[in-house]
Amino acid sequence: MGFKQTNLDLMKKLILAFVVLFSISVNAQNKEAAKTAVAAEQSLSNEQKAINDVTAFISVINVDATLKTDLYTLMMMKYEAIANTKSTKTEREASLKGIEHKLLSGLNEAQRKQLTSNSELFQRMTH
């Protein structure tokens, strides 16, 4: 009778170990799926923010199609720099300053004056 009880206890322990390993595996997969979903949502959010910025810009300042595409790319770079959690505050500020420089250098004199005179739009495009 003792032999059967030992086998039964061993089977219980094996089943328990299997259940614990299975639950850990499922939990890890759920966490990875959640991280992926958050990253996808953040990416979509950045794309939408960039589109909104470009739309606000072209509603005030006339640009051609090429500049519109370049503005979208620049705004995506801006939001990626802002979202980069591995960079320091100083590095993010330097990135935003570089984006400001690129933005201004891509505009002609009249467009630059329109942008800099509209402080709200200028702030939105560069920070």
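Refer to the structure above for everything that follows.
Let me begin by describing the structure that accompanies this report. (Residues numbered from 1 in each chain as written. Predicted model: local features only at pLDDT ≥ 70, side-chain atom pairs only at ≥ 80, totals over all residues. Heavy atoms only, no water.)

Let's shift gears to the overall build of the protein chain. Counting secondary structure elements, the protein chain contains five helices and zero strands. Walking the protein chain from its N terminus toward its C terminus, one meets helices and strands in the order α-α-α-α-α. Counting the 127 residues in the protein chain, one finds 22% classified as buried. Considering only contacts in the protein chain between residues 6 or more positions apart, those separated by 24 or more positions represent 59%. Summed over its atoms, the accessible surface of the protein chain is roughly 9200 Å², and 61% of this surface lies on carbon and sulfur atoms. (Helix = DSSP H or I, 4+ residues; strand = E, 2+ residues; numbered from the N terminus. Buried < 20%, exposed > 50% of the residue type's maximum accessible area, 1.4 Å probe, protein only. Contact = heavy atoms within 4.5 Å. Areas by Shrake-Rupley, 256 points an atom, 1.4 Å probe, with all protein chains shown as cover.)

With that settled, the discussion passes to the side chain of aspartate 53. Of note, aspartate 53 is situated in helix α1 (residues 2-60). A polar contact is formed between the side chain of aspartate 53 and the side chain of lysine 78, at a distance of 2.9 Å. Excluding its chain neighbours within four sequence positions, the residues that come into contact with aspartate 53 are Met75, Lys78, Tyr79, Arg124 and Met125. (Polar contact = N/O pair within 3.5 Å; in protein donor to acceptor, adjacent residues only side chain to side chain.)

So yeah, pure geometry; function would need other evidence.
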